[in-house]
Amino acid sequence: MECGQKIRYQNKSLADEACRKLIADNRQTGKIGKSWKRLNTYRCHQCGYWHIGRHNKLPKDFRPLPPPKKVPSAGEIRRRVERLEKHLDRERRQRAYLIGKVVELDRQQAALEKERRECVLAIERMFLGE
Ligand SMILES: [Zn+2]
């Protein structure tokens, strides 16, 4: 085939990049049926640049692309939100519990310090006399 009207790429990686985009595009639009599977890059014998062409057979390393990500349904989104809210509720409860515990421990500590001060004062009174 004459390469005159084909797009020329300076190197393989540029051609591969363009080929990937072309495959993704054709796969989505179905413009060229299933033959996007045979799109590949090759170095041209005529001009020395790289082109995108179609193999007659599937390339040996052909791997079907994973199916495009499907859009979640309203129900799936709702369930996801519910799971997230449950998770956040758990975290909020846990945080409230821990804060409550810290407050309680602070209160106990203050009571112990007060009791300690009273004991020290009682000792001082015993030794110094009243
Ligand atoms: Zn060429």
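Just so you know, these numbers come straight off a predicted model, no measurement behind them. (Residues numbered from 1 in each chain as written. Predicted model: local features only at pLDDT ≥ 70, side-chain atom pairs only at ≥ 80, totals over all residues.)

1. Here we look at the overall build of the chain
When helices and strands are counted, the chain shows two helices and two strands. In the chain, the succession of helices and strands from N to C terminus is α-β-β-α. Against the compact-globule benchmark of 14 Å for 130 residues, the chain has a radius of gyration of 37 Å, which places it well outside the compact range. With the C-alpha coordinates of the chain rotated into their principal frame, the extents come out at 120 × 40 × 25 Å. (Helix = DSSP H or I, 4+ residues; strand = E, 2+ residues; numbered from the N terminus. Rg over C-alpha atoms; globule rule 2.2 N^0.38 Å.)

2. Observations concerning the pairing of strand β2 (residues 50-54)
Across five bridges, strand β1 (residues 39-43) lies against β2 in antiparallel orientation. Bridge pairing in β2 links Thr41 to Ile52. The antiparallel hairpin formed by β1 and β2 contains six residues in its connecting segment, where Gly48 sits at a positive phi of about 85 degrees. (Pairing = 2+ DSSP bridges.)

3. Topic: helix α1 (residues 12-29)
For α1, spanning 18 residues, the distance from its first C-alpha to its last is 25 Å, which sits close to the expected 26 Å at 1.5 Å a residue. Just downstream of α1, Gly30 is the residue with a positive phi angle, here 70 degrees. (Expected span 1.5 Å × (residues − 1).)

4. What about the domain arrangement of the chain?
Often, the extent of an interface is quoted as the loss of accessible area upon association of its parts. Per the domain assignment, the segments making up the chain are domain 1 (1-68) and domain 2 (70-130). Distance between the C-alpha centres of domain 1 and domain 2: 63 Å. (Domains from an automatic or database assignment.)

5. As for helix α2 (residues 74-128)
A rise of 1.5 Å per residue sets the reference length of α2, with its 55 residues, at 81 Å; its end C-alpha atoms lie 80 Å apart and thus fit the reference within 8%. By the criterion of burial, α2 is predominantly exposed, with just zero of the 55 residues buried. Note on α2: the residue one or two positions beyond its end, Gly129, has a positive phi of about 75 degrees. (Buried ≥ 20, exposed ≤ 12 C-beta atoms within 10 Å, placed from the backbone.)

6. Quick word on the environment of Glu124
Its place among the elements puts Glu124 in helix α2. In this structure, the C-alpha to C-alpha distance between Glu124 and Arg95, residues 29 residues apart in sequence, is 43 Å.

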